[in-house]
Amino acid sequence: MSKPATQDVRIDAAAGPVPWVLSARSAAGLRGQAARLLGRLESDPASDAVGHAVEVGRSLVAAGAAFEHRAVVLGRDRAELLAGVRALAEERSAPNVVSGRAARQADARPVFVFPGQGTQWAGMAVELLDASPAFAREIRACEQALSPYLEWSLEDVLRAAPGTPPLDRVDVVQPVLFSMMLSLARLWRGFGVEPGAAVGHSQGEIVAAHVAGALSLEDAARIVALRSQALTKIRGRGEMLTVLAPNDRTRALLADWEGVLSVAAVNGPATMTVSGDAGAMAEFGAALSAARMMRWRVPGVDFAAHSAHVEDLRPILLDLAADVVPVRGEVPFYSTVTGGRVDTDGLDAEYWYRNLRQTVRFDDAVRSLVADGHTLFVECSAQPVLSVGMQDTVEELGGSAVLLATLRNEDGGMGRFLAALAEAYVQGVAVNWTAAFA
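How each quantity is defined
Residues numbered from 1 in each chain as written. Predicted model: local features only at pLDDT ≥ 70, side-chain atom pairs only at ≥ 80, totals over all residues. Heavy atoms only, no water. Helix = DSSP H or I, 4+ residues; strand = E, 2+ residues; numbered from the N terminus. Rg over C-alpha atoms; globule rule 2.2 N^0.38 Å. Buried < 20%, exposed > 50% of the residue type's maximum accessible area, 1.4 Å probe, protein only. Contact = heavy atoms within 4.5 Å. Lys, Arg positive; Asp, Glu negative; His and termini not counted. Charge placed at Lys NZ, Arg CZ, Asp CG, Glu CD. Salt bridge = Lys/Arg side-chain N within 4 Å of Asp/Glu carboxyl O. Axes fitted to C-alpha atoms, helices over the stretch in contact; angles between N-to-C directions. Left-handed = near helix turned anticlockwise from the far one by under 90°. Nonpolar A, V, L, I, M, F, W, Y, C, P; charged D, E, K, R; others polar. Pairing = 2+ DSSP bridges. Right-handed = clockwise from strand over helix to strand, strands pointing away. Core = buried A, V, L, I, M, F, W, Y, C linked by side-chain atoms within 4.5 Å. Expected span 1.5 Å × (residues − 1).

- An unreviewed UniProt entry lists the protein under the name Malonyl-CoA:ACP transacylase (MAT) domain-containing protein, with Streptomyces humidus given as the organism.

### Description of the overall build of the protein
Reasoning step 1: Counting secondary structure elements, the protein contains 16 helices and 13 strands.
Reasoning step 2: For 438 residues, the compact-globule estimate of 2.2 N^0.38 gives 22 Å, and the protein sits close to it at 23 Å.
Reasoning step 3: Taken over 438 residues, the protein has a buried fraction of 56%.
Reasoning step 4: Taking the contacts inside the protein whose residues are at least 6 apart along the sequence as the reference set, 78% of them involve residues at least 24 apart.
Reasoning step 5: For the protein, the distance from the average position of its 40 positive side-chain charges to the average position of its 51 negative side-chain charges is 5 Å.

### Details of the pattern of salt bridges
A side chain with one charge may pair with a side chain of the opposite charge, provided their charged atoms come close.
Reasoning step 1: Evaluation of the coordinates by the stated rule reveals 22 salt bridges.
Reasoning step 2: Close ionic contact of R328 with D343 constitutes a salt bridge, the shortest N to O distance being 3.4 Å. Within this pair, whereas R328 is found in the loop between α12 (314-320) and β10 (333-334), its partner D343 is found in the loop between β11 (341-342) and α13 (349-357), the two being separated by 15 residues in sequence.
Reasoning step 3: Given a relative accessible area of 48%, D343 falls into the partly exposed group.
Reasoning step 4: Through salt bridges that share partners, D130, R140, E155 and R159 make up one connected network.

### Considering the packing of helix α1 (residues 27-42) against helix α3 (residues 78-89)
Reasoning step 1: As a packed pair, α1 and α3 sit with axes 8 Å apart at the nearest point and diverge in direction by 145°. For the pair α1 and α3, the crossing hand works out as left-handed. Residues L30, R31, A34, A35, L37, L38, L41 and E42 of α1 pack against R78, L82, V85, R86, L88 and A89 of α3.
Reasoning step 2: Taken together, the residues that form the contact of α1 with α3 break down as 10 nonpolar, no polar and four charged.

### Things to note about the sheet that holds strand β9 (residues 294-297)
Reasoning step 1: A sheet is described by the order of its strands in space; here four strands give the open sequence β7-β8-β6-β9, paired in antiparallel fashion. The sheet is open, and its two borders are formed by β7 (261-268) and β9, each paired with just one other strand. Each strand of the sheet is rotated relative to its neighbour by a mean of 25°, with strand direction disregarded.
Reasoning step 2: Sheet strands in contact with helix α10 (residues 247-254) are β6 (238-244), β7 and β8 (271-277), and its direction is about 175° off that of β7.
Reasoning step 3: With respect to the sheet, helix α11 (residues 278-290) is in contact with β6, β7, β8 and β9, its orientation differing from that of β6 by roughly 20°.

### As for the environment of V260
Reasoning step 1: By secondary structure assignment, the location of V260 is in the loop between α10 and β7.
Reasoning step 2: A C-alpha to C-alpha distance of 25 Å links V260 and D171, two positions 89 residues apart in sequence.
Reasoning step 3: Residue contacts for V260: discarding those within four places in its chain leaves S275, G276, D277 and A280.

### Side note on the pairing of strand β13 (residues 402-405)
Consecutive side chains of a regular strand alternate in pointing toward one face of the sheet and then the other.
Reasoning step 1: Relative to β13, strand β12 (residues 376-379) runs parallel, the two being bridged by four bridges. Each residue of the ladder has a partner; that of E379, found in β13, is A405.
Reasoning step 2: Viewed along the sheet, the connection from β12 through helix α15 (residues 387-396) into β13 turns out right-handed.

### Overview of unusual backbone geometry
Reasoning step 1: Its identity is not glycine, yet S202 carries a phi of approximately 55°, on the positive side.
Reasoning step 2: A positive phi angle, close to 55°, is found at R292, a residue other than glycine.
Reasoning step 3: Counting through the fold element by element, R292 comes out in the loop between α11 and β9.
Reasoning step 4: Residue R292 is classed as exposed on the basis of its relative accessible area of 78%.

### Focus: the side chain of N96
Reasoning step 1: Relative to the helices and strands, N96 is located in the loop between α3 and β3 (97-101).
Reasoning step 2: Apart from the residues within four sequence positions on either side, N96 is in contact with V72, V73, L74, E80 and G84.

### Regarding the pairing of β7
Reasoning step 1: Where burial is concerned, most of β7 is hidden: seven out of the eight residues are buried.
Reasoning step 2: Summarising the sheet, β7 and β8 pair through six bridges and their orientation is antiparallel. Each residue of the ladder has a partner; that of V263, found in β8, is V274.
Reasoning step 3: Taken together, β7 and the strand that follows it, β8, pair antiparallel across an intervening segment of two residues.

### Focus: the nonpolar core
Reasoning step 1: In terms of nonpolar packing, the biggest core is built from 124 residues, with W20, F178, W188 and W433 touching the most fellow members.
Reasoning step 2: The element best represented in this core is helix α7 (residues 170-190), accounting for 13 residues.
Reasoning step 3: Excluding its chain neighbours within four sequence positions, the residues that come into contact with W188 are F112, V193, V378, C380, T406, F417, A420, L421 and A424.

### Observations regarding helix α16 (residues 414-426)
Reasoning step 1: Compared with an ideal rise of 1.5 Å per residue, which puts 13 residues at 18 Å, α16 spans 18 Å between its outermost C-alpha atoms and is within 8% of the ideal.
Reasoning step 2: Burial analysis of α16 places 12 of its 13 residues in the buried class, which makes it a mostly covered element.
Reasoning step 3: For α16, the full list of buried residues reads M414, G415, R416, F417, L418, A419, A420, L421, A422, A424, Y425 and V426.
Reasoning step 4: Contacts from the buried residues of α16 go to β1 (18-24), β2 (69-75), β3, α4 (126-131), α7 and β13.
Reasoning step 5: Of the residues one or two after α16, G428 is the one with positive phi, at around 110°.

Structure, rendered in structure tokens:
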């Protein structure tokens, strides 16, 4: 996955909030910088001019090195920006101010996390398609790579154009989410945020493999499109249910349905997904209800991935990935098939079959990442769905980590992305803010 040119990520006042980036060697110094900026702008009549906010933002990021105490003020107009700067100067919290102390090394790189199915929501990409050239360009690159296998337009589905297929179809939602996650990763990298590692959950591993440099975009698109179509052959036979309870308790209850239900994914010490026959799942759901155990169906799923049902698809899955040529990537790849770091030149057809058939060992992969020193995670998705499991895993290990979301449900614009970028920046991640004002 090559790095985008900086001009692809530029912003302006019309496209979304403008970031004003400040930093200092101490908390008092940061407050003082905010106070000086506030005084200068309040006494300058030119600061009301259109575009002045962008010029101020550009001058702030051109000032030099980022110090330990950091803050980003986001605003769409002068009043909103000045209110944020005033709050910072007075050491008050404000909804448009992100501040903190960067305790990590200056070159801290986050783990890019890519979830599986279930993060979708209507309109999740529309604002970024209109506001971000980099995001839109990557979506169109994905559409081109997917086009040999699809009979519908990716962008039309994202915009819910009349006549497009529904997003709840597995052969639609999986290519769409693949493209969504990949384009969000491109947006992060466009602002200079490079991954220190990549990890994916179920189909999210295909995105992780491309971001790690193991799969070309064409090979990744082929796998995600053709295997999502293969999954239609087992639709209607199974279901998937996520259970929020200690895993040993869930496994004990699950023992009564051995052979028809299985553990599809372990996301944390108290988060597990179960997969299998629809009838048995109804009985299991009733048992969970009687035991007062929290659970929910995986949205839009009427098949049993990561169960014995997938064995019926083995010849198809091996054939569709037979020509895929994985290579050794540049970014460390942590497998949720094995639970640890693997060399990506082994991600062959057999691996991608196992990825869909076996239990997703996300919990084990996170443990491996933490053991290797990773403490900062960015979920590159339309909404965060893995943070609870990751947090529980880290806490069980007795450590601490920062878990960041990119977008959130019904909050998918440039403002939300810049807030995520600011959250990463104040945690010590190197951000190329200059790219925003190219």
